[in-house]
Amino acid sequence: MGEASALATVNKWAPVIAVGWLIPGGGHFLLGKRLRGALLFGCVMLSFVAGMLMRGYLFEWQTGDLFTTLIYCGGYIANLASGIPYLFARWLGYDAPDMAGHVIDYGTKFLVCAGLMNILALVDAFEIATGKKD
Amino acid sequence: MPKMGLSHLETSLLMALVISVVLGITTKKTQNEQLRYGLKCLGYFVGTVFGLGWLMYLGHG
């Protein structure tokens, strides 16, 4: 799909992407793919809640050397991609410290993974909305 | 807020399960393909967990 046709169909995919970001799987629901939407919602929420119950760390935007920038900014973007679960967690004051511990570390990975899975869901919803996929 | 403490194996299997479902849904078109690919990914994840686990155990002496 070229840039022109992507712009032409922006009114089709933009709401899908917006809803899909805020509510994991919500884009699929808008497109009538309820089973896929429910499964994606379940997986992203399970991962996010498991991460919180393990006291995972939610990344802050932080720059410095290359690895610090990559890890903290990448982690922040991945966390933000979870949508409403992330916004609610922040709003309700969830703030686990970034400290050593294997369970905490697993939790951090689950929180990041939830956002990355939601990005995959958004790409899928975009492809469905633009007719590249059924 | 309650706290959850899973073992490394339980955590790996939970992670493998959710990622397999998402990969199956997002990368394949038909439901049959999605199911097969999801199960295949899950098998690879679990196989890798046990394979690397045994490799580290045996390598540790």
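Residues numbered from 1 in each chain as written. Chains lettered and ligands numbered in written order. Predicted model: local features only at pLDDT ≥ 70, side-chain atom pairs only at ≥ 80, totals over all residues.

Draft legend 1. Seen up close, the overall build of chain B. Across its full length, chain B holds 2 helices and 0 strands. Over its C-alpha atoms chain B spans a radius of gyration of 15 Å, topping by over 25% the 10 Å that the globule rule assigns to 61 residues. Overall, the C-alpha framework of chain B stretches about 45 × 35 × 10 Å when taken along its three principal axes. (Helix = DSSP H or I, 4+ residues; strand = E, 2+ residues; numbered from the N terminus. Rg over C-alpha atoms; globule rule 2.2 N^0.38 Å.)

Draft legend 2. The arrangement of the overall build of chain A in detail. Helix and strand counts for chain A come out as 7 helices and 0 strands. Its helices and strands taken in sequence order, chain A reads α-α-α-α-α-α-α from the N to the C terminus. Along the longest, intermediate and shortest principal axes, the C-alpha atoms of chain A span 45 × 35 × 25 Å. Every one of the 134 residues in chain A was classed for burial, and the buried ones make up 40%. (Buried ≥ 20, exposed ≤ 12 C-beta atoms within 10 Å, placed from the backbone.)

Draft legend 3. Geometry of helix α4 (residues 34-53) of chain A. Under the 1.5 Å per step criterion, the end-to-end length of α4 of chain A is 28 Å for 20 residues, consistent within 8% with the ideal 28 Å. Those residues of α4 of chain A lying buried are Arg36, Gly37, Leu39, Leu40, Cys43, Val44, Ser47, Phe48, Ala50, Gly51 and Met52 of chain A. At its buried positions, α4 of chain A is contacted by α3 (26-30), α6 (84-91) and α7 (102-129) of chain A together with α1 (8-27) of chain B. Arg55 of chain A sits one or two positions beyond α4 of chain A and adopts a positive phi of about 60°. (Expected span 1.5 Å × (residues − 1). Contact = placed C-beta atoms within 7 Å.)

Draft legend 4. Highlighting the packing of α7 of chain A against α1 of chain B. Axis separation between α7 of chain A and α1 of chain B bottoms out at 10 Å; the angle between their running directions is 5°. Here α1 of chain B runs roughly parallel to α7 of chain A, going by the angle between their axes. On α1 of chain B, the residues that touch Tyr106, Phe110, Cys113, Met117, Leu120, Ala121, Val123 and Asp124 of chain A of α7 of chain A are Thr11, Met15, Val18, Ile19, Val22, Ile25 and Thr26 of chain B. Looking at the contact of α7 of chain A with α1 of chain B residue by residue, the classes come out as 12 nonpolar, 2 polar and 1 charged. (Axes fitted to C-alpha atoms, helices over the stretch in contact; angles between N-to-C directions. Parallel < 35°, antiparallel > 145°, perpendicular 65-115°, else oblique. Nonpolar A, V, L, I, M, F, W, Y, C, P; charged D, E, K, R; others polar.)

Draft legend 5. Up close: the interface of chain B and chain A. The partner chain A presents 21 residues to the 14 residues of chain B that form the contact. For the side of chain B that touches chain A, a count of residues per class yields 9 nonpolar, 3 polar and 2 charged.

Draft legend 6. Region of the structure containing the nonpolar core. Within the largest apolar cluster, 37 residues are counted, with the highest numbers of intra-cluster contacts made by Leu40, Cys43, Phe110, Ala114, Met117 and Ala125 of chain A together with Val22 of chain B. Put simply, the parts of the chain that give this core at least two residues each are α2 (10-22), α4, α6 and α7 of chain A together with α1 of chain B. Filtering out sequence-adjacent residues up to four positions away, Met117 of chain A remains in contact with Cys43, Val44 and Ser47 of chain A together with Val18, Ile19 and Val22 of chain B. (Core = buried A, V, L, I, M, F, W, Y, C linked by C-beta atoms within 7 Å.)

Draft legend 7. Structural view of the confidence of the model for chain B. Mean pLDDT over chain B works out to 93, with 98% of the residues at or above the 70 mark. The complex prediction reports pTM at 0.90, with the ipTM value standing at 0.89. (pLDDT = per-residue confidence, 0-100.)

Draft legend 8. Looking closely at the environment of Cys41 of chain B. Residue and element names in this part refer to chain B. By the secondary structure assignment, Cys41 is in helix α2 (residues 31-59). For Cys41, a count of 19 C-beta atoms within 10 Å puts it in the partly exposed group. When the C-alpha atoms of Cys41 and Ile19 are compared, they prove to be 8.4 Å apart, with 22 residues separating the residues in sequence. Ignoring sequence-local partners within four residues, the contact set of Cys41 consists of Ser20, Leu23 and Gly24.

Draft legend 9. Fine view of the packing of helix α5 (residues 66-80) of chain A against α7 of chain A. Residues and elements named next belong to chain A. Where α5 meets α7, the closest approach of the two axes is 7 Å, and the angle between their N-to-C directions is 60°. The handedness of the crossing between α5 and α7 comes out as left-handed. Residues Gly75, Ala78, Asn79 and Leu80 of α5 touch α7, and the partners they reach there are Leu111, Val112, Gly115 and Leu116. (Left-handed = near helix turned anticlockwise from the far one by under 90°.)

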